[in-house]
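Fold and contact review
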Amino acid sequence: MIQPDPLTPEQKEELAGAGRRAATILKAGRVAAFNGWTLLVFGALSVLFGLFSPVGMAVGVLLLALGWNELRGRGLLRALDPRGARILGWNQISLMGVITAYCLWSLHRTLAHPDPEMVQLEEMVGISREMVTQVTVLAYGGVILLTAVFQGLLSRYHFARERLLAEYLEQTPGWILELQRGISSP
């Protein structure tokens, strides 16, 4: 026996339109999944290779925490909770802070306490200390600049999803939201 269609053509169109609007918001979840897993991998590697370095261990633990938080934000976003987008935005700003702090610490350590073996190598090759200083500052400064641009734009992207999601929740009928939340839950 053929069951009658429970949705009217208007409801089907409304559901399809809501799905298209939600897809633009939920793309941020795919970005967050990639970032979260990448942070977890690099965090685990940093912990593993930083077993004898307090700074390496601290960076690894921070990366693991940020990776976990990224995946948590993704889960909230998929559940159509605007807090997810906010968490993802702040997570990128936190990552920017961790990378910047690490670069500044490394820059200070390299310039204030040069590795004796590197100094000896510089002398053997004939590279001046000033040139090494300039290259070091340029390299770490470049990483800080690129991090500020990339993480800054990514945080802005996630914060914009919060506004879009709030509008989406306001404009979408409750029965569609209930259906979508039921589909996205594990």
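Heads up: these notes are all about the structure in this document. None of these values were measured; they are calculated from a predicted model. (Residues numbered from 1 in each chain as written. Predicted model: local features only at pLDDT ≥ 70, side-chain atom pairs only at ≥ 80, totals over all residues. Heavy atoms only, no water.)

Moving on, we come to the overall build of the chain. Counting secondary structure elements, the chain contains six helices and zero strands. Of the regular secondary structure in the chain, the N- to C-terminal order runs α-α-α-α-α-α. Since a compact globule built from 186 residues should have a radius of gyration of about 16 Å, the 24 Å found for the chain marks it as more spread out than a globular shape. Along the first, second and third principal axes, the C-alpha set of the chain runs to 85 × 30 × 25 Å. Evaluated residue by residue, the chain yields a buried proportion of 30% over its 186 residues. For the chain, the accessible surface area stands at approximately 11900 Å², while carbon and sulfur atoms represent 69% of it. Each charge class in the chain was averaged separately, 16 positive and 15 negative side chains, and the resulting centres sit 6 Å apart. (Helix = DSSP H or I, 4+ residues; strand = E, 2+ residues; numbered from the N terminus. Rg over C-alpha atoms; globule rule 2.2 N^0.38 Å. Buried < 20%, exposed > 50% of the residue type's maximum accessible area, 1.4 Å probe, protein only. Areas by Shrake-Rupley, 256 points an atom, 1.4 Å probe, with all protein chains shown as cover. Lys, Arg positive; Asp, Glu negative; His and termini not counted. Charge placed at Lys NZ, Arg CZ, Asp CG, Glu CD.)

Time to look at unusual backbone geometry. Residues other than glycine seldom take positive phi values, yet L80 does so here, at roughly 60 degrees. With respect to the helices and strands, L80 occurs in the loop between α2 (54–78) and α3 (83–112). Residue classification places L80 among the buried positions, given a relative accessible area of 3%.

Before going further, it helps to examine the packing of aromatic side chains. In the structure shown here, the tally under the stated rule is two aromatic pairs. Consider the rings of W90 and F159, whose centres lie 5.6 Å apart with planes at 75 degrees: the pair is edge-to-face. Of this pair, W90 sits in helix α3 while F159 sits in helix α5 (residues 129–171), and the two are 69 residues apart along the sequence. (Phe/Tyr/Trp six-rings, centres within 6.5 Å; stacked < 30°, edge-to-face > 60°.)

Let us look at helix α1 (residues 9–49). Under the 1.5 Å per step criterion, the end-to-end length of α1 is 59 Å for 41 residues, consistent within 8% with the ideal 60 Å. At T24, α1 shows its maximal kink, close to 40 degrees. (Expected span 1.5 Å × (residues − 1). Bend = angle between axes of the 7 residues up to and from the residue.)

Now for the nonpolar core. Counting 13 residues, the largest nonpolar core has I25, L77, L80, L165 and Y168 as the members making the most contacts within it. At the level of secondary structure, the elements contributing two or more residues to this core comprise α1, α3, α5 and α6 (174–184). The element that contributes the greatest number of residues to this core is α1, accounting for five residues. In contact with Y168, not counting residues within four places along its chain, are A18, R21, A22, I25, L80, I176, L177 and Q180. (Core = buried A, V, L, I, M, F, W, Y, C linked by side-chain atoms within 4.5 Å. Contact = heavy atoms within 4.5 Å.)

Its 43 residues place the ends of α5 63 Å apart at the C-alpha level, agreeing with the 63 Å of an ideal helix rising 1.5 Å per residue. Three or more residues of α5 are buried, namely V132, T136, I144, T147, Q151, L154, S155, H158, R161, L165 and Y168.

Take the layout of surface pockets next. Of the pockets and cavities examined, the largest pocket occupies roughly 430 Å³. Contributing to the lining of the largest pocket are 21 residues, with F42, V59, L63, L95 and I99 lying nearest its centre. Elements with a contribution of two residues or more to the lining of the largest pocket: α1, α2, α3 and α5. For the lining of the largest pocket, the element with the highest residue contribution is α3, accounting for eight residues. (1 Å grid on protein atoms, 1.4 Å probe; cavity = no way out; pocket = protein on both sides within 12 Å on 5 of 7 lines; lining within 4 Å. Points joined across faces, edges and corners; volume = space filled by probe spheres on them.)

Attention now moves to the pattern of salt bridges. Enumeration over the complete set of coordinates arrives at four salt bridges. Among the ionic pairs, D81 bridges to R83, the shortest N-O distance being 2.5 Å. Taking relative accessible area as the criterion, R83 reaches 45% and is therefore assigned partly exposed. E162 is the partner of R86 in a salt bridge, and the nearest nitrogen-oxygen pair spans 2.6 Å. Pair noted here: R86 is in helix α3 and E162 is in helix α5, with a separation of 76 residues, a long-range link. (Salt bridge = Lys/Arg side-chain N within 4 Å of Asp/Glu carboxyl O.)

Turning our eyes to something else, we now look at the environment of L164. Here L164 is to be found in helix α5. The spatial distance from the C-alpha of L164 to the C-alpha of A22 is 9.1 Å, given a sequence separation of 142 residues.

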